[in-house]
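Examination of the molecular architecture
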Amino acid sequence: MSDAEWAVARPLLPVPGWLWGRGGQPEAYCHRAILDAIRYLVDNGTKWRAVPADFPPWDRVYAFFRRWRDHGLVKEFHDRLRRTVREQAGRDAEPSAGVIDSQSVKADAVVGADSRGFDGGKLVNGRKRHAVVDTLGLLLAVLVTSADIGDRAVARVLLARVAAAHHRLALVWADGGYTGSLVQHGLAVLALVLVLAIVKRSDDMRGFVVLPKRWIVERFFAHLMRSRRLVRDFERSTGSAEAMVYWSMTQLMTRRLARSRSSRA
């Protein structure tokens, strides 16, 4: 991270328990060095044991990553950054509309058979990332499953989770793959919370056509592909795969906040 990025990120970091007097052993390494190591791994796609010697030892970096993953601290840090980015863009901290979609990626050999599958539509043997983003393309929630699980089945869980966490969310756009029983489920269960709107591609369209609202979530998935660790799923657990998505988005937001901070200065 540059000094401008660290100035933005430092006030938003979750505070360790020992600083609040709740006990625990003080951390031996600077948070900035640990965050740099994790961001380096996500951005360059290296192995944990291949983290350069300029960073803290790889096992300490992984222990930090695992602790933040298991206690939800990476999501907390990510959500604080997202609210800051939205406020700086002149938006309300909580979104009122979003877009849902999924992305199938190939899985590495370390991914077990219990969390991988074959997506017959995309012809991909691996995992699927289900995500909901706001109208700025910022992540609201992500759920990683095996690739053979249908979008509509996962969307029921994901939409209920997003609606509970973001009370202003009233409208979610989706593509034609979310039609059918999911729409009826949304009308019956989530009608008082949010509306699911289907953006369909007309039959007379030929070639590539940018569809309203759906391009926002496609741009989000394109950003994930710029993080080499996410080009293929290398994580043994789906929890680690979801954490990697959150870390990738923190990079995008800290850089965006640092640029706007420099321009204002």
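Here, every reference points to the structure presented above.
These numbers come from a predicted model, not from an experiment.

Relative to the assigned elements, His167 resides in the loop between α5 (151–165) and β5 (171–174). Residues His167 and Pro95, spaced 72 residues apart in sequence, show a C-alpha to C-alpha distance of 8.7 Å. Here Ala164 takes part through its backbone oxygen, which lies 3.5 Å from a polar atom of the side chain of His167.

Positionally, Ser115 belongs in the loop between β1 (97–106) and β2 (117–119). Looking at Ser115, its side chain comes within polar contact range of the side chain of Arg127, at 2.7 Å. Once residues within four sequence positions are removed from consideration, Ser115 is found in contact with Gly126, Arg127, Thr145, Ser146, Arg236 and Thr238.

One pass over the full model with this rule turns up twelve salt bridges. The partner of Asp233 in a salt bridge is Arg127, with the nearest N and O atoms 3.0 Å apart. Separated by 106 residues along the polypeptide, Asp233 in the loop between α7 (214–224) and α8 (238–264) and Arg127 in strand β3 (residues 124–134) bring together distant segments of the chain. By relative accessible area, which is 3% here, Asp233 ends up buried. Judged by its relative accessible area of 0%, Arg127 falls in the buried class. One salt-bridge network, held together by shared partners, links Lys75, Asp79 and Arg82.

Excluding glycine, residues mostly carry a negative phi; peptide bonds, for their part, are mostly trans. If you check the backbone angles, Leu123 has positive phi at about 55° while not being a glycine. The topology assignment puts Leu123 in the loop between β2 and β3. Leu123 sits in the exposed class, given a relative accessible area of 61%.

In this fold, Val8 is placed in helix α1 (residues 3–9). Between the alpha carbons of Val8 and Arg261 there is a distance of 8.6 Å; along the sequence they are 253 residues apart. When residues no more than four places from it in sequence are discounted, the contact partners of Val8 are Leu257, Ala258 and Arg261.

Turning our attention to the side chain of Asp151. Tracing the sequence through the fold places Asp151 in helix α5. Look at Asp151 and you get buried, because its relative accessible area is 18%. In terms of polar contacts, Asp151 uses its side chain to reach the side chain of Ser102, at 3.1 Å. Leaving out residues up to four positions away in the same chain, Asp151 has contacts with Ser102, Lys128, His130 and Tyr178.

Definitions and limits used
- Residues numbered from 1 in each chain as written.
- Predicted model: local features only at pLDDT ≥ 70, side-chain atom pairs only at ≥ 80, totals over all residues.
- Heavy atoms only, no water.
- Helix = DSSP H or I, 4+ residues; strand = E, 2+ residues; numbered from the N terminus.
- Polar contact = N/O pair within 3.5 Å; in protein donor to acceptor, adjacent residues only side chain to side chain.
- Contact = heavy atoms within 4.5 Å.
- Salt bridge = Lys/Arg side-chain N within 4 Å of Asp/Glu carboxyl O.
- Buried < 20%, exposed > 50% of the residue type's maximum accessible area, 1.4 Å probe, protein only.

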